Amino acid sequence: MSRYGATVGARAIGPNELGRLEQAVAALTGTGLAGSQMLDVAATLTGHVRMIARQAAAVPAGDSEQAMGDAMGALLTGREDRFPALAAAMSDPDGRDQAFDFGLRCVLDGVESLVG
């Protein structure tokens, strides 16, 4: 099982889940966001983290984003004419191993714009 196994899949909603949500809402208290917006921020961050964890769980141990990129590259080989935009994006040497940080930065920058 991957180190992310506890964050992926069905789980009972109990005190730990409420505690995580409490911490997220408490961190956003005083920002001027409405309660529903604070809950949405928490849900968006949770969704991003769980999506990356799910991807990590789907590939062998090691560098999961690299492995995912390698697998997509192998599938794409010989099919570049069918998927030209994807082939161009995959050829970017700086485009790998950034999904978690990039997504987190985008979400937090968006929250900052709401608060500011």
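Presented here is an overview of the structure given in this document. In this text, all values refer to a predicted model and were calculated from it rather than measured experimentally. Numbers given to residues run from 1 along each chain, matching the order in which its sequence is written. Per-residue local features of the predicted model are confined to residues with pLDDT of at least 70, and side-chain atom pairs are confined, for both listing and counting, to 80 or more; whole-chain, interface and lining totals are unaffected and use all residues. The basis for every side-chain value is the complete set of non-hydrogen atoms in the structure, without hydrogens or water.

### Focus: the packing of helix H2 (residues 35–57) against helix H5 (residues 99–115)
- Where H2 meets H5, the axes come as close as 10 Å, and the angle between the chain directions of the two elements is 175°. Between H2 and H5, the angle is such that the two are roughly antiparallel. Contact with H2, carried on its side by Gln37, Val41, Thr44, Leu45, His48, Val49 and Ile52, involves Ala99, Phe100, Gly103, Leu104, Val107, Leu108, Val111 and Leu114 of H5 and no other residues of that element.
- Throughout, the ten residues Ala, Val, Leu, Ile, Met, Phe, Trp, Tyr, Cys and Pro are labelled nonpolar, Asp, Glu, Lys and Arg are labelled charged, and all others, Gly among them, are labelled polar. Its residues placed into classes, the contact of H2 with H5 shows eleven nonpolar, four polar and no charged. Axis definition: a line fitted to C-alpha atoms, over the contacting stretch in the case of helices. Angles run 0 to 180 degrees between N-to-C directions. Only DSSP runs of H or I with at least four residues qualify as helices, and only runs of E with at least two residues qualify as strands; both kinds are numbered from the N terminus onward. What sets the label is the angle itself: under 35 degrees gives roughly parallel, over 145 gives roughly antiparallel, 65 to 115 gives roughly perpendicular, and the rest give oblique. Here a residue-residue contact requires only that any non-hydrogen atoms of the pair lie within 4.5 Å.

### Thoughts on the side chain of His48
- The residue His48 is located in helix H2 in this model.
- Residue burial is assigned from relative accessible area. The probe radius is 1.4 Å, only protein chains are included, and a residue is buried under 20% of its type maximum, exposed over 50%, and partly exposed in between. According to the relative accessible area criterion, His48 is buried, its value standing at 12%.
- Setting aside its immediate chain neighbours within four residues, His48 contacts Ala99, Phe100, Gly103 and Leu104.

### Side note on H5
- Taking 1.5 Å as the rise per residue, H5 with 17 residues should run 24 Å; its terminal C-alpha atoms sit 24 Å apart, in good agreement.
- Buried residues along H5 sit in contact with helix H1 (15–28) and H2. For a helix, the expected span equals 1.5 Å multiplied by the number of residues minus one.

### Notes on the nonpolar core
- Throughout this description, the term nonpolar core refers to a set of buried Ala, Val, Leu, Ile, Met, Phe, Trp, Tyr and Cys residues connected via side-chain atoms within 4.5 Å. Counting six residues, the largest nonpolar core consists of Leu28, Leu33, Met38, Val41, Val107 and Val111.
- Residue assignment for this core shows that the elements contributing at least two residues are H2 and H5.
- With residues up to four places along the chain from it excluded, the contact list for Val41 reads Leu28, Leu33 and Val111.

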